[in-house]
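Okay, here's what each chain looks like letter by letter:
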Amino acid sequence: MSSSSRTVIRGGLVVTAADELHADVLIEDGRVAALAASGTPAAESLTAAHTLDATGKYVIPGGVDAHTHMELPFGGTAASDTFETGTRAAAWGGTTTIVDFAVQAVGRSLRDGLDAWHAKADGQCAVDYSFHMILSDVDENSLKEMDLLVDEGVSSFKLFMAYPGVFYSDDGKILRAMQRASGNGGLIMMHAENGIAIDVLVEQALARGETDPRHHGEVRKVLLEAEATHRAVQLARVAGGAPLYVVHVSAEEAVAEIAAARDKGLDVFGETCPQYLFLSTDNLAEPGFEGAKYVCSTPLRPREHQAALWRGLRTNDLQVVSTDHCPFCFTGQKELGRGDFSKIPNGLPGVENRMDLLHQAVVDGHISRRRWIEIACAAPARMFGLYPKKGTIAPGADADIVIYDPHAEQVISAETHHMNVDYSAYEGKRVTGRVETVLSRGEPVIADRRFVGRAGHGAYTPRSTCQYLN
Ligand code: DUC
Ligand code: ZN
Ligand code: ZN
């Protein structure tokens, strides 16, 4: 067999969610072909035209970011990363698969929304991508379309208990969508905040002259996240046990609702995001209008909530860390909300920072190395039907592989990041660990910290149904 399409990565510590071993990895035709313990005759027999030296480095699966919003129209503007810039930045940060959200517009079909998102992404992406579908208009037609989408690889559906008049679904619509999902294998993803109550508090705060960004955090109360999380769990039970994945969990009380449901054996899952683990209401309260940089929903919480999130990640009450990457420039976009926090477009950049921040969590002792790979690669791949093609390093898996230097020091900054946004939420933060080389299906995308990929290499990747049921 010719060795020209073969690459071997030698001498690194291969870390997956299951194992850590010093092994050489053979890649052939874009897939992992074999692993063999380094230095053994079996490893020496792995020959290839290309060799990558990973001595002293980690060899890890490419990250799977299951929650991004490239080019999302929101709040009278649109997220500033395109599929091209956003997936390039993802690659720089060691993420080789994103699952973005196609949006059903009110009064339109799911198909129209999905087609529109395919048109935005097609030929643009540097790494592989899939779609979830946001349901904004649950009716008989969209319920039927859910079945078709599950069959063609869009097997998860986001519903909003927040944002009345935009994405919001009432409890009846949510129940119907959950009933449908319990029959067709779809996974319901829930934005769990009581948006009707929040809108009352927003109006009252503005009437009192409370217009600064920090009031965004105050009106979007912990109790209203916990209440919505509880309600979503009960609706899923009434719907016949439809699996439920609660997105961007930020509050201790919401983690408790998910943990209680899981203790009953229910298929309830939780995701949190780096911003809730590393940032807090202190950032929202930064002077001037700086707090606008940290406006997202669910909102940042007082830092006391972080311990519960870390604990949830360790105990598997939370399974996934995604970014909810939804960047808006400070100049011209976040500024839309000067004098009225409710007009600040909601969202933070982060697709490039997730793997590094979670590695820092390993360094800081919050999670183990294998748990890092579990919550950032393997669990999201399993949750959204991409495993074992994505999320691990094993024979037959796509060769989406990162050579990671665990000792390199870096300072996160907008000056050096690759996301198309004029600030970093983590400006000045020192972290230990850095991506060195990234392969996507065996092709170099980042080589020794140079971008060598191209728009259009990234392929649309249909998904099977959730592989993570309790
Ligand atoms: N939250 C955000 O912060 N941005 C986009 C949508 C969402 O739910
Ligand atoms: Zn959301
Ligand atoms: Zn989101």
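For the structure itself, look to the data block above.
Computed from a prediction, not measured in an experiment: that's the story for all the values here. (Residues numbered from 1 in each chain as written. Chains lettered and ligands numbered in written order. Predicted model: local features only at pLDDT ≥ 70, side-chain atom pairs only at ≥ 80, totals over all residues. Heavy atoms only, no water.)

### Some thoughts on the coordination of the zinc ion (ligand 2)
So, point 1. On the protein side, the zinc ion (ligand 2) has Lys-158 (NZ), His-191 (ND1) and His-248 (NE2) as donor atoms, found 2.1 to 2.2 Å from it.
So, point 2. Counting along the primary sequence, the residues that act as donors to the zinc ion (ligand 2) give the motif K-x32-H-x56-H.
So, point 3. By relative accessible area, which is 2% here, Lys-158 ends up buried. (Donors = N, O, S within 2.8 Å, 3.2 Å for Na, K, Ca; no water. Buried < 20%, exposed > 50% of the residue type's maximum accessible area, 1.4 Å probe, protein only.)

### Observations regarding the environment of Ala-49
So, point 1. For Ala-49, the position within the fold is in the loop between helix 1 (41-44) and strand 4 (50-53).
So, point 2. Ala-49 gets classed as partly exposed once you look at its relative accessible area, which sits at 47%.
So, point 3. Distance in space between the C-alpha atoms of Ala-49 and Thr-7 is 6.3 Å, their sequence separation being 42 residues. (Helix = DSSP H or I, 4+ residues; strand = E, 2+ residues; numbered from the N terminus.)

### With respect to the side chain of Ser-136
So, point 1. Along the chain, Ser-136 turns up in the loop between strand 10 (128-134) and helix 4 (140-152).
So, point 2. Under the relative-accessibility criterion, Ser-136 is labelled buried at 7%.
So, point 3. For Ser-136, the side chain forms a polar contact with the main-chain oxygen of Gln-104, separated by 2.5 Å.
So, point 4. Those residues within four positions of Ser-136 in sequence are excluded, and the remaining contacts are Val-103, Gln-104, Val-106, Val-166, Phe-167 and Tyr-168. (Polar contact = N/O pair within 3.5 Å; in protein donor to acceptor, adjacent residues only side chain to side chain. Contact = heavy atoms within 4.5 Å.)

### Considerations on the environment of Ala-34
So, point 1. Take Ala-34: it is sitting in strand 3 (residues 31-37).
So, point 2. Once residues lying within four places of it in the same chain are set aside, the contact partners of Ala-34 are Asp-24, Val-25, Leu-26 and Leu-46.

### Notes on the coordination of the zinc ion (ligand 3)
So, point 1. In this structure, His-67 (NE2), His-69 (NE2) and Asp-324 (OD) serve as the protein donors to the zinc ion (ligand 3), at separations of 2.0 to 2.2 Å.
So, point 2. In primary sequence terms, the donor set of the zinc ion (ligand 3) follows H-x1-H-x254-D.
So, point 3. Taken as a pair, the zinc ion (ligand 3) and the zinc ion (ligand 2) lie 3.9 Å from each other. Residue His-69 is found in the loop between strand 6 (63-68) and strand 7 (73-74), and its partner Asp-324 is found in the loop between strand 15 (320-321) and helix 13 (354-363); the two are separated by 255 residues along the sequence. As far as burial versus exposure is concerned, His-69 and Asp-324 are alike and both buried.

### Examining the packing of aromatic side chains
So, point 1. Scanning all chains against the criterion turns up 17 aromatic pairs.
So, point 2. When the centroid spacing of 4.9 Å and the interplanar angle of 75° are considered together, the rings of Tyr-245 and Phe-384 count as edge-to-face. Here Tyr-245 is found in strand 13 (residues 244-246), whereas its partner Phe-384 is found in the loop between helix 14 (369-383) and strand 16 (401-411), with 139 residues between them in sequence.
So, point 3. For Lys-120, the ring lying beneath its charged end belongs to Trp-117, and the centroid distance is 3.9 Å.
So, point 4. Lying over the aromatic face of Tyr-387, Arg-382 brings its terminal NZ or CZ to 4.4 Å of the ring centre. (Phe/Tyr/Trp six-rings, centres within 6.5 Å; stacked < 30°, edge-to-face > 60°. Lys NZ or Arg CZ within 6 Å of the ring centre and 35° of its normal.)

### As for the site of ligand 1
So, point 1. All residues adjacent to ligand 1 are Lys-158, Phe-160, Tyr-163, His-191, His-248, Cys-296, Ser-297, Asp-324, Cys-326, Asn-346 and Gly-347.
So, point 2. One nitrogen or oxygen atom from the main chain of Asn-346 is found 2.9 Å from a nitrogen atom belonging to ligand 1.
So, point 3. For ligand 1, the accessible surface in isolation is 240 Å², of which the surrounding protein chains cover 99%.
So, point 4. When atoms are counted within 2 Å of each cavity's grid points, the one that captures over half of ligand 1 is the largest cavity. (Near = heavy atom within 4 Å. Areas by Shrake-Rupley, 256 points an atom, 1.4 Å probe, with all protein chains shown as cover. 1 Å grid on protein atoms, 1.4 Å probe; cavity = no way out; pocket = protein on both sides within 12 Å on 5 of 7 lines; lining within 4 Å. Sits in = over half its atoms within 2 Å of the grid points.)

### Points about the nonpolar core
So, point 1. Core analysis: the biggest nonpolar cluster contains 135 residues, and Met-178, Ile-188, Met-190, Leu-244 and Trp-372 have the highest contact counts within it.
So, point 2. Lining this core are residues from two domains, each supplying at least three of them: domain 1 (3-60 + 391-409 + 432-451) and domain 2 (62-383).
So, point 3. When sequence neighbours within four positions are dropped, the list of residues in contact with Leu-244 reads Met-178, Leu-187, Ile-188, Met-190, Ala-232, Val-233, Ala-236, Asp-267, Val-268 and Phe-269. (Core = buried A, V, L, I, M, F, W, Y, C linked by side-chain atoms within 4.5 Å. Domains from an automatic or database assignment.)

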